[in-house]
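Each chain is listed here by its residues.
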Amino acid sequence: MLKKACICAVIVLIAPALACLAQTKGVVVEEVIARVNNDAITRSDLERARTELQQEAQQDCPKCTPQEITDRVGAENKNLLRDLIDNSLLVQRGKDMGVNLETEVVKRLDEIRIQNNISSMEDLETQIDKSGVSFEDFKNNIRNQLMQQEVIRHEVGSKIILDHATVQKYYEDHKSEFVRPEQVTLREIFVSTEGKQESEIPALRKKADDLLQRVKNGEDFGELAKHFSDGSTAKQGGDLGRFEHGQLAPNIEQAVFALQRLQMTEVIPTKTGFLILQVGEHYAAGQQPEEKVDAEIQDRLYNEQLRPALRAYLGTLREDSYVSVKPGYTDAAAVPSSTIEEVPPTPDNDDKKKKKSTPTTSPTPVPGSKPD
(Lines give C-alpha, C1' and ligand atoms only; values in the text may rest on other atoms or scores of the structure.)
Protein backbone atom coordinates (compact mmCIF):
# COMPACT_ATOMS: atom_id res chain seq x y z
CA MET A 1 0.00 0.00 0.00
CA LEU A 2 1.79 3.04 -1.23
CA LYS A 3 -1.05 5.42 -1.40
CA LYS A 4 -0.40 7.48 1.65
CA ALA A 5 2.93 6.30 1.64
CA CYS A 6 1.74 9.34 0.55
CA ILE A 7 2.70 8.11 -2.86
CA CYS A 8 -0.23 9.13 -3.74
CA ALA A 9 -0.38 11.94 -1.42
CA VAL A 10 -3.23 13.32 -0.45
CA ILE A 11 -3.71 16.83 0.85
CA VAL A 12 -7.30 17.42 1.74
CA LEU A 13 -9.03 19.66 4.24
CA ILE A 14 -6.92 21.30 6.91
CA ALA A 15 -8.58 19.64 9.90
CA PRO A 16 -7.57 16.00 9.19
CA ALA A 17 -4.06 16.99 8.20
CA LEU A 18 -3.61 19.04 11.36
CA ALA A 19 -5.09 16.30 13.51
CA CYS A 20 -2.50 13.85 12.24
CA LEU A 21 0.42 16.22 12.66
CA ALA A 22 -0.68 17.45 16.07
CA GLN A 23 -0.72 14.07 17.74
CA THR A 24 2.97 14.14 18.64
CA LYS A 25 3.07 17.79 19.67
CA GLY A 26 4.51 18.18 23.16
CA VAL A 27 6.20 14.76 23.23
CA VAL A 28 9.67 15.23 24.66
CA VAL A 29 11.19 11.79 24.21
CA GLU A 30 10.60 9.79 21.05
CA GLU A 31 11.16 6.07 20.63
CA VAL A 32 13.11 5.57 17.41
CA ILE A 33 11.92 2.36 15.74
CA ALA A 34 13.85 2.64 12.47
CA ARG A 35 16.73 4.55 10.94
CA VAL A 36 16.93 5.25 7.23
CA ASN A 37 20.38 6.66 6.52
CA ASN A 38 20.35 9.89 8.57
CA ASP A 39 16.56 9.94 9.07
CA ALA A 40 14.72 8.51 12.06
CA ILE A 41 11.22 7.00 12.13
CA THR A 42 9.56 7.13 15.55
CA ARG A 43 6.79 5.17 17.16
CA SER A 44 4.58 8.26 17.03
CA ASP A 45 5.15 8.37 13.25
CA LEU A 46 3.85 4.80 13.09
CA GLU A 47 0.86 5.59 15.31
CA ARG A 48 0.03 8.62 13.18
CA ALA A 49 0.13 6.42 10.06
CA ARG A 50 -2.30 4.00 11.75
CA THR A 51 -4.68 6.87 12.51
CA GLU A 52 -4.48 8.07 8.88
CA LEU A 53 -5.19 4.54 7.66
CA GLN A 54 -8.26 4.33 9.92
CA GLN A 55 -9.54 7.71 8.75
CA GLU A 56 -8.99 6.80 5.12
CA ALA A 57 -10.89 3.53 5.50
CA GLN A 58 -13.83 5.37 7.08
CA GLN A 59 -13.85 7.97 4.31
CA ASP A 60 -13.65 5.33 1.58
CA CYS A 61 -16.47 3.28 3.10
CA PRO A 62 -18.76 5.53 5.16
CA LYS A 63 -21.44 2.79 5.39
CA CYS A 64 -19.03 0.10 6.62
CA THR A 65 -19.55 -1.35 10.10
CA PRO A 66 -16.78 -0.92 12.71
CA GLN A 67 -15.79 -4.56 12.16
CA GLU A 68 -15.57 -4.05 8.39
CA ILE A 69 -13.35 -1.00 8.96
CA THR A 70 -11.17 -3.05 11.31
CA ASP A 71 -10.85 -5.79 8.69
CA ARG A 72 -9.90 -3.31 5.96
CA VAL A 73 -7.31 -1.64 8.18
CA GLY A 74 -5.91 -4.94 9.44
CA ALA A 75 -5.16 -6.13 5.92
CA GLU A 76 -2.86 -3.16 5.30
CA ASN A 77 -1.55 -2.51 8.80
CA LYS A 78 1.42 -4.85 8.35
CA ASN A 79 2.84 -2.61 5.63
CA LEU A 80 2.77 0.68 7.54
CA LEU A 81 6.41 0.66 8.62
CA ARG A 82 7.44 -0.43 5.13
CA ASP A 83 5.56 2.55 3.71
CA LEU A 84 7.19 5.00 6.13
CA ILE A 85 10.61 3.69 5.12
CA ASP A 86 9.60 3.97 1.45
CA ASN A 87 8.58 7.60 2.04
CA SER A 88 11.88 8.44 3.65
CA LEU A 89 13.89 6.80 0.87
CA LEU A 90 11.92 8.64 -1.83
CA VAL A 91 12.31 12.03 -0.14
CA GLN A 92 16.04 11.48 0.33
CA ARG A 93 16.36 10.44 -3.31
CA GLY A 94 14.51 13.58 -4.39
CA LYS A 95 16.92 15.75 -2.40
CA ASP A 96 19.88 13.94 -3.94
CA MET A 97 18.40 14.64 -7.39
CA GLY A 98 18.13 18.33 -6.53
CA VAL A 99 14.35 18.41 -7.00
CA ASN A 100 12.95 21.85 -6.17
CA LEU A 101 9.21 22.00 -5.56
CA GLU A 102 8.79 25.32 -3.75
CA THR A 103 6.50 26.74 -6.44
CA GLU A 104 4.29 23.63 -6.25
CA VAL A 105 4.23 23.81 -2.43
CA VAL A 106 3.01 27.42 -2.51
CA LYS A 107 0.41 26.50 -5.12
CA ARG A 108 -0.85 23.59 -2.99
CA LEU A 109 -1.04 25.80 0.11
CA ASP A 110 -3.08 28.32 -1.85
CA GLU A 111 -5.44 25.58 -3.00
CA ILE A 112 -5.93 24.52 0.63
CA ARG A 113 -6.58 28.15 1.55
CA ILE A 114 -9.23 28.50 -1.16
CA GLN A 115 -10.77 25.11 -0.35
CA ASN A 116 -11.27 26.18 3.27
CA ASN A 117 -12.54 29.69 2.46
CA ILE A 118 -9.58 31.39 4.16
CA SER A 119 -9.03 34.95 2.99
CA SER A 120 -5.22 35.11 2.94
CA MET A 121 -2.09 33.01 3.29
CA GLU A 122 -1.32 34.83 6.53
CA ASP A 123 -4.69 33.72 7.95
CA LEU A 124 -3.97 30.15 6.83
CA GLU A 125 -0.64 30.24 8.68
CA THR A 126 -2.33 31.67 11.77
CA GLN A 127 -4.99 28.94 11.81
CA ILE A 128 -2.40 26.19 11.43
CA ASP A 129 -0.19 27.63 14.18
CA LYS A 130 -3.20 27.95 16.50
CA SER A 131 -3.89 24.24 16.07
CA GLY A 132 -0.59 23.42 17.81
CA VAL A 133 1.25 22.48 14.62
CA SER A 134 3.93 24.78 13.25
CA PHE A 135 3.27 26.14 9.79
CA GLU A 136 6.74 24.97 8.72
CA ASP A 137 5.94 21.37 9.75
CA PHE A 138 2.67 21.52 7.83
CA LYS A 139 4.41 22.92 4.76
CA ASN A 140 7.22 20.35 5.00
CA ASN A 141 4.64 17.55 5.06
CA ILE A 142 3.23 18.84 1.76
CA ARG A 143 6.73 19.24 0.32
CA ASN A 144 7.63 15.62 1.17
CA GLN A 145 4.49 14.23 -0.43
CA LEU A 146 5.10 16.19 -3.62
CA MET A 147 8.73 15.04 -3.59
CA GLN A 148 7.70 11.39 -3.41
CA GLN A 149 5.30 11.82 -6.33
CA GLU A 150 7.94 13.55 -8.45
CA VAL A 151 10.58 10.88 -7.81
CA ILE A 152 8.12 8.11 -8.72
CA ARG A 153 7.08 9.96 -11.88
CA HIS A 154 10.67 10.63 -12.97
CA GLU A 155 12.42 7.47 -11.85
CA VAL A 156 9.69 4.86 -12.41
CA GLY A 157 6.69 6.10 -14.37
CA SER A 158 8.71 7.72 -17.14
CA LYS A 159 10.39 4.40 -17.90
CA ILE A 160 7.12 2.53 -18.54
CA ILE A 161 6.73 2.66 -22.31
CA LEU A 162 3.56 1.29 -23.89
CA ASP A 163 3.72 0.92 -27.66
CA HIS A 164 0.71 0.49 -29.91
CA ALA A 165 1.43 -3.20 -30.49
CA THR A 166 1.16 -3.90 -26.75
CA VAL A 167 -2.14 -2.03 -26.50
CA GLN A 168 -3.48 -3.77 -29.61
CA LYS A 169 -2.53 -7.22 -28.28
CA TYR A 170 -4.28 -6.51 -24.97
CA TYR A 171 -7.40 -5.42 -26.86
CA GLU A 172 -7.43 -8.60 -28.98
CA ASP A 173 -6.83 -10.83 -25.93
CA HIS A 174 -9.62 -9.15 -23.92
CA LYS A 175 -12.01 -8.26 -26.70
CA SER A 176 -15.07 -9.67 -24.93
CA GLU A 177 -14.52 -7.23 -22.06
CA PHE A 178 -15.21 -4.37 -24.44
CA VAL A 179 -18.69 -5.50 -25.53
CA ARG A 180 -20.93 -3.15 -23.59
CA PRO A 181 -24.40 -1.67 -23.38
CA GLU A 182 -24.60 2.09 -23.77
CA GLN A 183 -22.55 3.52 -20.91
CA VAL A 184 -20.93 6.66 -19.64
CA THR A 185 -17.96 7.04 -17.33
CA LEU A 186 -18.38 9.94 -14.92
CA ARG A 187 -16.29 12.20 -12.74
CA GLU A 188 -17.70 14.56 -10.14
CA ILE A 189 -16.92 17.74 -8.31
CA PHE A 190 -19.14 18.02 -5.25
CA VAL A 191 -19.48 21.07 -3.01
CA SER A 192 -21.17 20.01 0.22
CA THR A 193 -23.74 22.11 2.07
CA GLU A 194 -24.27 19.64 4.91
CA GLY A 195 -24.13 21.29 8.32
CA LYS A 196 -23.85 24.76 6.79
CA GLN A 197 -25.84 27.82 7.77
CA GLU A 198 -28.34 29.22 5.28
CA SER A 199 -26.19 32.34 5.02
CA GLU A 200 -23.26 30.22 3.76
CA ILE A 201 -25.14 28.60 0.87
CA PRO A 202 -24.66 31.45 -1.67
CA ALA A 203 -20.87 31.35 -1.19
CA LEU A 204 -20.87 27.57 -1.70
CA ARG A 205 -22.94 27.94 -4.87
CA LYS A 206 -20.44 30.51 -6.09
CA LYS A 207 -17.60 28.09 -5.34
CA ALA A 208 -19.29 25.45 -7.51
CA ASP A 209 -19.95 27.98 -10.30
CA ASP A 210 -16.31 29.14 -10.18
CA LEU A 211 -15.01 25.57 -10.40
CA LEU A 212 -17.22 24.89 -13.41
CA GLN A 213 -15.91 28.03 -15.08
CA ARG A 214 -12.30 27.04 -14.37
CA VAL A 215 -12.84 23.73 -16.21
CA LYS A 216 -14.46 25.59 -19.09
CA ASN A 217 -11.40 27.84 -19.18
CA GLY A 218 -9.14 24.83 -19.70
CA GLU A 219 -8.15 23.58 -16.23
CA ASP A 220 -8.13 19.84 -15.63
CA PHE A 221 -11.38 18.52 -14.11
CA GLY A 222 -9.62 15.71 -12.21
CA GLU A 223 -7.05 18.01 -10.63
CA LEU A 224 -9.72 20.44 -9.49
CA ALA A 225 -11.72 17.53 -8.07
CA LYS A 226 -8.69 16.32 -6.11
CA HIS A 227 -8.15 19.66 -4.44
CA PHE A 228 -11.60 21.21 -4.16
CA SER A 229 -14.28 18.49 -4.20
CA ASP A 230 -15.90 17.55 -0.90
CA GLY A 231 -16.95 14.15 -2.26
CA SER A 232 -15.44 10.83 -1.17
CA THR A 233 -14.10 10.44 -4.73
CA ALA A 234 -11.80 13.49 -4.49
CA LYS A 235 -8.63 11.41 -4.06
CA GLN A 236 -9.41 9.61 -7.34
CA GLY A 237 -9.88 12.87 -9.22
CA GLY A 238 -13.64 12.61 -8.81
CA ASP A 239 -13.88 9.25 -10.61
CA LEU A 240 -17.32 7.71 -10.09
CA GLY A 241 -16.97 4.76 -12.46
CA ARG A 242 -19.09 3.49 -15.34
CA PHE A 243 -22.89 3.67 -15.54
CA GLU A 244 -25.57 2.37 -17.87
CA HIS A 245 -29.24 3.23 -18.19
CA GLY A 246 -31.25 2.67 -15.02
CA GLN A 247 -28.36 3.13 -12.57
CA LEU A 248 -28.68 6.88 -12.04
CA ALA A 249 -31.39 9.23 -10.82
CA PRO A 250 -33.67 10.07 -13.77
CA ASN A 251 -32.73 13.77 -13.94
CA ILE A 252 -29.00 12.97 -13.82
CA GLU A 253 -29.32 10.11 -16.33
CA GLN A 254 -31.11 12.37 -18.77
CA ALA A 255 -28.41 15.02 -18.41
CA VAL A 256 -25.29 12.83 -18.73
CA PHE A 257 -26.44 10.50 -21.52
CA ALA A 258 -27.00 13.57 -23.69
CA LEU A 259 -23.29 14.47 -23.34
CA GLN A 260 -20.25 13.32 -25.27
CA ARG A 261 -16.67 12.78 -24.10
CA LEU A 262 -15.34 15.52 -21.74
CA GLN A 263 -18.59 17.47 -21.81
CA MET A 264 -20.05 18.60 -18.47
CA THR A 265 -23.36 19.27 -16.84
CA GLU A 266 -24.13 22.66 -15.38
CA VAL A 267 -24.12 22.91 -11.59
CA ILE A 268 -26.82 20.56 -10.27
CA PRO A 269 -28.34 21.49 -6.87
CA THR A 270 -28.93 18.47 -4.61
CA LYS A 271 -30.22 18.01 -1.07
CA THR A 272 -26.66 17.93 0.29
CA GLY A 273 -24.77 20.28 -2.01
CA PHE A 274 -23.91 21.26 -5.55
CA LEU A 275 -22.79 18.69 -8.13
CA ILE A 276 -20.88 18.99 -11.41
CA LEU A 277 -20.52 15.87 -13.58
CA GLN A 278 -18.15 15.30 -16.48
CA VAL A 279 -18.46 12.47 -18.99
CA GLY A 280 -15.11 10.73 -19.39
CA GLU A 281 -16.30 8.45 -22.20
CA HIS A 282 -19.66 7.79 -23.80
CA TYR A 283 -19.84 4.22 -25.13
CA ALA A 284 -22.43 3.26 -27.74
CA ALA A 285 -23.96 -0.20 -27.25
CA GLY A 286 -22.00 -3.14 -28.71
CA GLN A 287 -18.36 -3.97 -29.40
CA GLN A 288 -16.25 -0.94 -28.58
CA PRO A 289 -13.63 -0.12 -31.23
CA GLU A 290 -10.02 -0.18 -30.10
CA GLU A 291 -9.55 3.57 -30.45
CA LYS A 292 -12.48 4.13 -28.10
CA VAL A 293 -10.90 2.11 -25.29
CA ASP A 294 -7.25 2.89 -26.07
CA ALA A 295 -6.80 5.23 -23.09
CA GLU A 296 -8.53 2.76 -20.78
CA ILE A 297 -6.21 -0.05 -21.89
CA GLN A 298 -3.14 2.15 -21.46
CA ASP A 299 -4.24 3.00 -17.91
CA ARG A 300 -4.69 -0.68 -17.11
CA LEU A 301 -1.30 -1.65 -18.50
CA TYR A 302 0.47 1.30 -16.89
CA ASN A 303 -0.96 0.56 -13.44
CA GLU A 304 -0.18 -3.15 -13.82
CA GLN A 305 3.46 -2.33 -14.55
CA LEU A 306 3.87 0.56 -12.11
CA ARG A 307 3.40 -1.38 -8.88
CA PRO A 308 6.08 -4.07 -9.47
CA ALA A 309 8.40 -1.49 -11.06
CA LEU A 310 8.03 0.77 -8.04
CA ARG A 311 8.69 -2.08 -5.62
CA ALA A 312 11.81 -3.05 -7.56
CA TYR A 313 13.00 0.57 -7.53
CA LEU A 314 12.41 0.86 -3.78
CA GLY A 315 14.32 -2.40 -3.30
CA THR A 316 17.28 -0.85 -5.11
CA LEU A 317 17.09 2.23 -2.88
CA ARG A 318 17.10 -0.04 0.16
CA GLU A 319 20.15 -1.95 -1.07
CA ASP A 320 22.04 1.32 -1.50
CA SER A 321 20.98 2.67 1.90
CA TYR A 322 21.46 2.00 5.57
CA VAL A 323 18.12 0.79 6.97
CA SER A 324 17.98 -0.42 10.55
CA VAL A 325 14.75 -1.54 12.27
CA LYS A 326 14.38 -1.96 16.02
CA PRO A 327 13.69 -5.53 17.21
CA GLY A 328 9.96 -6.11 17.57
CA TYR A 329 9.14 -4.13 14.42
CA THR A 330 9.12 -5.45 10.86
CA ASP A 331 9.94 -3.89 7.52
CA ALA A 332 7.84 -5.97 5.14
CA ALA A 333 10.15 -5.13 2.23
CA ALA A 334 13.51 -5.54 3.97
CA VAL A 335 16.52 -6.37 1.82
CA PRO A 336 20.22 -6.68 2.69
CA SER A 337 21.44 -3.09 2.79
CA SER A 338 24.83 -1.45 2.77
CA THR A 339 26.38 -1.11 6.21
CA ILE A 340 28.34 1.94 7.23
CA GLU A 341 31.59 1.16 9.01
CA GLU A 342 33.89 3.86 10.27
CA VAL A 343 37.63 3.10 10.34
CA PRO A 344 40.48 5.40 11.38
CA PRO A 345 42.59 6.75 8.53
CA THR A 346 45.88 4.92 8.04
CA PRO A 347 48.75 6.97 6.58
CA ASP A 348 50.72 5.19 3.86
CA ASN A 349 54.50 4.76 3.93
CA ASP A 350 55.11 7.75 1.66
CA ASP A 351 53.27 9.97 4.10
CA LYS A 352 55.44 8.68 6.95
CA LYS A 353 58.62 9.34 4.95
CA LYS A 354 57.42 12.83 4.10
CA LYS A 355 56.73 13.52 7.77
CA LYS A 356 60.23 12.38 8.76
CA SER A 357 61.93 14.57 6.15
CA THR A 358 59.80 17.65 6.78
CA PRO A 359 61.95 20.44 8.27
CA THR A 360 60.90 21.85 11.62
CA THR A 361 61.03 25.42 10.32
CA SER A 362 59.28 26.75 7.26
CA PRO A 363 61.55 27.74 4.37
CA THR A 364 61.72 31.39 3.43
CA PRO A 365 59.29 31.95 0.57
CA VAL A 366 60.76 33.13 -2.73
CA PRO A 367 59.12 36.35 -4.00
CA GLY A 368 56.64 35.53 -6.77
CA SER A 369 56.43 31.82 -5.89
CA LYS A 370 53.24 30.02 -4.75
CA PRO A 371 53.13 28.46 -1.31
CA ASP A 372 53.09 24.64 -1.19
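Before reading on, note that the structure itself is shown above.
Residues numbered from 1 in each chain as written. Predicted model: local features only at pLDDT ≥ 70, side-chain atom pairs only at ≥ 80, totals over all residues. Heavy atoms only, no water.

1. Side note on the environment of P289
For step 1, the next point in the chain: Looking at the secondary structure, you find P289 in the loop between β8 (286-287) and α12 (290-319).
For step 2, the next point in the chain: Its relative accessible area of 35% is what places P289 among the partly exposed residues.
For step 3, the next point in the chain: Separated by 114 residues in the primary sequence, P289 and K175 place their C-alpha atoms 9.5 Å from one another. (Helix = DSSP H or I, 4+ residues; strand = E, 2+ residues; numbered from the N terminus. Buried < 20%, exposed > 50% of the residue type's maximum accessible area, 1.4 Å probe, protein only.)

2. Details of the sheet that holds strand β2 (residues 39-42)
For step 1, the next point in the chain: One open sheet holds the 3 strands; their spatial order is β2-β1-β9, and the pairing between them is antiparallel. The two strands at the open ends of the sheet, each matched to only one other strand, are β2 and β9 (323-325). Within this sheet the neighbouring strands show an average axis-to-axis angle of 20°, counted without direction.
For step 2, the next point in the chain: In terms of strand pairing, strand β1 (residues 32-36) meets β2 through 4 bridges, oriented antiparallel. (Pairing = 2+ DSSP bridges. Axes fitted to C-alpha atoms, helices over the stretch in contact; angles between N-to-C directions.)

3. Some details on the sheet that holds strand β5 (residues 239-244)
Sheet strands line up and pair through hydrogen bonds in the backbone, either parallel or antiparallel.
For step 1, the next point in the chain: Pairing is antiparallel in the open sheet, where 4 strands are placed in the order β5-β4-β7-β6. Each end of this open sheet is capped by a strand with a single partner; those strands are β5 and β6 (268-270). For this sheet, the mean angle separating the axes of adjacent strands, direction not counted, is 40°.
For step 2, the next point in the chain: The pairing of strand β4 (residues 183-192) with strand β7 (residues 273-283) spans 10 bridges and is antiparallel.

Take it as geometry only, folks, not as evidence of what the structure does.
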